[in-house]
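# A look at the structure
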There are 2 protein chains.
Amino acid sequence: MLSSPKKRAARPTKLPTKRPGPAGGARDRNRQATQQRLAAAALALFLERGTAAVTIDEIVARAGMAKGSFYRYARDKADLVAQILAPVIAETTGALDRCERALQVGRQGTLAAIYLTLARELSVMVAQQAACVLLYLQEARSPASAAPPAIQDLADRLTSRTIALTEIARDHGLIRAVDPEVSALAVLGATEAMLFAHLRGLRAPSATVPRVTAALVDIVLRGIGLQPRV
Amino acid sequence: MLSSPKKRAARPTKLPTKRPGPAGGARDRNRQATQQRLAAAALALFLERGTAAVTIDEIVARAGMAKGSFYRYARDKADLVAQILAPVIAETTGALDRCERALQVGRQGTLAAIYLTLARELSVMVAQQAACVLLYLQEARSPASAAPPAIQDLADRLTSRTIALTEIARDHGLIRAVDPEVSALAVLGATEAMLFAHLRGLRAPSATVPRVTAALVDIVLRGIGLQPRV
DNA sequence: TGAAAGCATGACTGTATAGTCACAACATCC
DNA sequence: GGATGTTGTGACTATACAGTCATGCTTTCA
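What you see is a predicted model, and the numbers here were worked out from it, not measured in a lab. (Residues numbered from 1 in each chain as written. Chains lettered and ligands numbered in written order. Predicted model: local features only at pLDDT ≥ 70, side-chain atom pairs only at ≥ 80, totals over all residues. Heavy atoms only, no water.)

Next up on the list: the domain arrangement of chain A. All names here are of chain A. Each domain of chain A was delimited in the assignment, giving domain 1 (28-73) and domain 2 (83-224). Here the C-alpha centroids of domain 1 and domain 2 sit 29 Å apart. Across the domain 1 to domain 2 interface the summed buried area is about 730 Å²; carbon plus sulfur atoms make up 63%. Among the residues domain 1 hides against domain 2, the three largest losses belong to L43, L47 and T51. Together they make up 66% of the total. At the junction of domain 1 with domain 2, the criterion picks out zero salt bridges. Along the contact surface separating domain 1 from domain 2 lie three residue pairs in polar contact (both at pLDDT 80 or more). Examining the composition of the side of domain 1 that touches domain 2, we find that six residues originate from one element, helix α1 (residues 26-49), more than from any other. (Domains from an automatic or database assignment. Buried area = accessible area lost by both parts, 1.4 Å probe. Salt bridge = Lys/Arg side-chain N within 4 Å of Asp/Glu carboxyl O. Polar contact = N/O pair within 3.5 Å; in protein donor to acceptor, adjacent residues only side chain to side chain. Helix = DSSP H or I, 4+ residues; strand = E, 2+ residues; numbered from the N terminus.)

Taken together, the contacts link 50 residues of chain B with 50 residues of chain A. Both faces combined, the contact of chain B with chain A buries some 4300 Å², and carbon together with sulfur accounts for 59% of it. In this assembly, chain B and chain A are joined by four salt bridges. Residue R141 of chain B is joined to E192 of chain A by a salt bridge in which the shortest nitrogen-to-oxygen separation is 3.9 Å. Our enumeration of links across chain B and chain A arrives at 10 residue pairs in polar contact (both at pLDDT 80 or more). At the level of secondary structure, the elements contributing two or more residues to the side of chain B that touches chain A comprise α1 (26-49), α6 (130-139), α7 (149-171), α8 (180-200) and α9 (209-224) of chain B. Here the side of chain B that touches chain A gets 13 residues from one element, more than from any other, and that element is α8 of chain B. (Contact = heavy atoms within 4.5 Å.)

Before going further, it helps to examine the relation of the copies chain B and chain A. Overlay of chain B on chain A (RMSD 0.0 Å): rotation 180°, translation along the axis 0.0 Å. When the rotation and shift are considered jointly, the pair of chain copies conforms to a two-fold rotation axis. Using C-alpha coordinates, one finds that chain B approaches the rotation axis most closely at G223 of chain B, a distance of 2.0 Å. Take the interface residues of chain B: 100% of them recur as interface residues in chain A, which is what a same-surface contact looks like. (Least-squares fit on C-alpha atoms with pLDDT ≥ 70 in both.)

For the rest of this paragraph, the subject is the pattern of salt bridges. Following the criterion strictly, the structure yields 22 salt bridges over all chains and no others. The shortest N-O distance in the salt bridge between D57 of chain A and K67 of chain A comes to 3.1 Å. Placement of the pair is D57 of chain A in helix α2 (residues 56-63) and K67 of chain A in helix α3 (residues 67-73), with a sequence separation of 10 residues. One salt bridge connects R170 of chain B with D171 of chain B, and the closest N-O pair in it is separated by 3.2 Å. Shared partners join several salt bridges into a network, and the residues in it are D97, E100 and R161 of chain A.

What follows deals with the packing of helix α7 (residues 149-171) of chain A against helix α8 (residues 180-200) of chain A. All names here are of chain A. Where α7 meets α8, the axes come as close as 8 Å, and the angle between the chain directions of the two elements is 125°. By the criterion of interaxial angle, the relationship of α7 to α8 is oblique. Here α7 runs over α8; the crossing is right-handed. Residues L158, T159, T162, I163, T166, E167 and R170 of α7 touch α8, and the partners they reach there are P180, E181, S183, A184, L185, L188 and E192. Residue classes in the contact of α7 with α8 are distributed as six nonpolar, four polar and four charged. (Axes fitted to C-alpha atoms, helices over the stretch in contact; angles between N-to-C directions. Parallel < 35°, antiparallel > 145°, perpendicular 65-115°, else oblique. Left-handed = near helix turned anticlockwise from the far one by under 90°. Nonpolar A, V, L, I, M, F, W, Y, C, P; charged D, E, K, R; others polar.)

All names here are of chain A. Mapped onto the secondary structure, I59 falls in helix α2. C-alpha of I59 to C-alpha of S183: the two residues are 124 residues apart in sequence and 40 Å apart in space. I59 has contacts with L38, A41, A42, L45, F46, V54, F70, K77 and L80, leaving out every residue within four places of it along the chain.

Once that is clear, we can look at the protein's contact with DNA strand D. Lining the immediate surroundings of DNA strand D are 25 residues, of which A26, R27 and K67 of chain A together with R27 and R72 of chain B lie closest. Counting only atoms of DNA strand D within 4 Å of the protein, the fraction found in sugar and phosphate groups is 61%. Contact between DNA strand D and R72 of chain B: a base nitrogen at 2.9 Å from a side-chain N or O atom of the residue. If you list the elements that add at least two residues to the surface near DNA strand D, you get α1, α2 and α3 of chain A together with α1 and α3 (67-73) of chain B. (Near = heavy atom within 4 Å.)

Summed over all chains, the structure comprises two aromatic pairs over all chains. With centroids separated by 5.1 Å and ring planes inclined at 70°, the aromatic side chains of F70 of chain A and Y71 of chain A adopt a geometry described as edge-to-face. For Y71 of chain A, a relative accessible area of 41% gives the class partly exposed. For the cation-ring pair, R141 of chain A lies above F196 of chain B, with the distance from its terminal atom to the ring centre recorded as 5.2 Å. (Phe/Tyr/Trp six-rings, centres within 6.5 Å; stacked < 30°, edge-to-face > 60°. Buried < 20%, exposed > 50% of the residue type's maximum accessible area, 1.4 Å probe, protein only. Lys NZ or Arg CZ within 6 Å of the ring centre and 35° of its normal.)

Of all hydrophobic cores here, the largest spans 76 residues; its most connected members are L38, F46, I59, F70, L80, I84 and Y136 of chain A. Among the elements that make up this core, the one with the highest residue count is helix α4 (residues 77-105) of chain A (10 residues). If we ignore the near neighbours within four places in the chain, the residues touching L80 of chain A are L38, A42, I59, F70 and A74 of chain A. Counting residues in each nonpolar core, the second largest holds 45 residues, with M65, V88, A140 and L165 of chain B among its members. (Core = buried A, V, L, I, M, F, W, Y, C linked by side-chain atoms within 4.5 Å.)

Below, the structure is given as structure tokens:
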């Protein structure tokens, strides 16, 4: 006590950033479990009714905890959204980073394979984080001041880096020489639309996922590929 | 006062549906002007911050009228959104209707032109109703209970009818024989993404509109067109 | 085992908001 | 120009919500 006369002065609107000592102790486990319950409850509600319409009271009610506890795990609703989307953002950014790095050192013959690796990595991520991806798709087009910043961040990053990757592909002669912004937006738009229909379960193609994926890839490659038009 | 003991019994939650006599009189003009002011103020706010985040108080403040007046022109916020989107819904539905009807009576050689007419009509509508279309795009992926019903309606109708039209095109051999749900979602997704980038003004292709449109049409036609893959 | 500190709780506060209503102002029509 | 009914007004109510806090509980660790 004597060494910390005012310990709350330097914490204007912060979460309790410090964890107590035990790395795998009961406290740590409890904390993680509560965190999970909170995130799961919030995610379910966000998908049902949109982030804007869901209240803190509803989240804690579904998570089965008191309202005060919410504020030990998140600063506010937007912060909780950021926590929920963090894995998706990290994995997406990582896959894009790896792709760009590989493109810088790759030789002409191996470039197409690098893009395929990106596609595969993102597919795995989407399959594993389906609910989070749906949350992103559902809110990505909200105005800047409406959606939580985390969602805007991801949307901006995804678009700009897709354009950059498309530009590289064009410069290497992997696709036709059209405005990379146009081809990137077209590919991203088509992919997201298909994904959204599938994840939301509305009007999704009735064929199996591998079949739909193959059909989409075929359409995209024809659309932006090298083949001359007859 | 004495002659009207109970005049409000038969009006549970209705708007004043009856207009007073004069067709082009001062009252009619005032009413239409107020309606316009309200819709314009609301639309601007909806685009800035999303329908969910905008309050009635803000709308009437920007429209420069008292709160009570709002409820003479709309039942609630969702009803106002429906009014704002009504022209877009009507024109879109009309263009789709005309296209379907034309396809039923058209001969093989004229079918492609019918789809082009649809595209042209929708383009004109988008150009004239840019703000409303942006509102639709911005909210179309919200969960059913979050977005105003009018937006959900339009989204559902647009998707299902695009699929139907794509199916007809495939059956007539205008495009390749792939699952029409896949090609329809791909085309719609690509188009909406481009449109959204353009209308929102974010990361829109820097080329001119006709040039971008031509590039997109080219990509789409290559993607779903008949040409065999080399 | 007991002191120390994170952790959980839910009642509480202040504020923001949807929707109402009694009344004033106005257009209409005779 | 006055009777009649519509339109405009803004204060008002009831409610719902975000965020706080004093209190008691659990874990930690010596």
